[in-house]
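Architecture and fold: a report
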Amino acid sequence: MAPRKKKAQISVYLDPATMGLLADYAARRDQPQSLIAEAAIASFLSPDAAEQREATIAKRLDQLDRRMARLERDLSISVETLAVFVRFWLATTPALAEPVAQAARAKAGERYEAFVAALGRRLAKGPRLAQEIAEDGGAAKA
């Protein structure tokens, strides 16, 4: 067996909060505080530590980029859907005579309030329409 190298001793001053964290971590791991401090210092001074942090940040940025691309796609689909609906509605709905139009506007106010209430309930409780469409599309293919 090779002779063990004697480790150098240093004195380090830690604020009470950091010392508490070190003591708690060492107790949970059932390891000496000096071993944990040595590993932390070695990790901090490691030349590849910066590369690891950079890789982690790059991975997170890639995830955010994919999420943003999905959001842009979903928003584009939503805007296009609304535009097609409005165009279809305007093309197929005839203009009303003035006496009938007043009654229609009054009824439209009631219907709009019911729509807003239904939308609020749906947003509060459950799967979104896009999710249901995706699930229905998957079931139709199966």
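Above this text sits the structure in question.
In short, a report on the structure. These figures come from a predicted structure and were not determined experimentally. (Residues numbered from 1 in each chain as written. Predicted model: local features only at pLDDT ≥ 70, side-chain atom pairs only at ≥ 80, totals over all residues. Heavy atoms only, no water.)

Brief notes about the overall build of the protein chain
Tallying secondary structure elements over the protein chain gives five helices and zero strands in all. Seen in sequence order, the protein chain has helices and strands lined up from the N terminus as α-α-α-α-α. The C-alpha radius of gyration of the protein chain comes to 32 Å, more than 25% above the 14 Å expected for a compact globule of 142 residues. For the protein chain, the spread of C-alpha atoms along the three principal axes comes to 100 × 35 × 30 Å. As displayed, the protein chain offers around 13300 Å² of accessible surface, 62% of which is attributable to carbon and sulfur atoms. Once the 22 positive and 18 negative side-chain charges of the protein chain are each reduced to a mean point, those two points are 4 Å apart. (Helix = DSSP H or I, 4+ residues; strand = E, 2+ residues; numbered from the N terminus. Rg over C-alpha atoms; globule rule 2.2 N^0.38 Å. Areas by Shrake-Rupley, 256 points an atom, 1.4 Å probe, with all protein chains shown as cover. Lys, Arg positive; Asp, Glu negative; His and termini not counted. Charge placed at Lys NZ, Arg CZ, Asp CG, Glu CD.)

Brief notes about unusual backbone geometry
One non-glycine residue, aspartate 30, adopts positive backbone phi at about 55°. By the element assignment, aspartate 30 lies in the loop between α1 (16-29) and α2 (33-45). Assessed through its relative accessible area of 68%, aspartate 30 is described here as exposed. (Buried < 20%, exposed > 50% of the residue type's maximum accessible area, 1.4 Å probe, protein only.)

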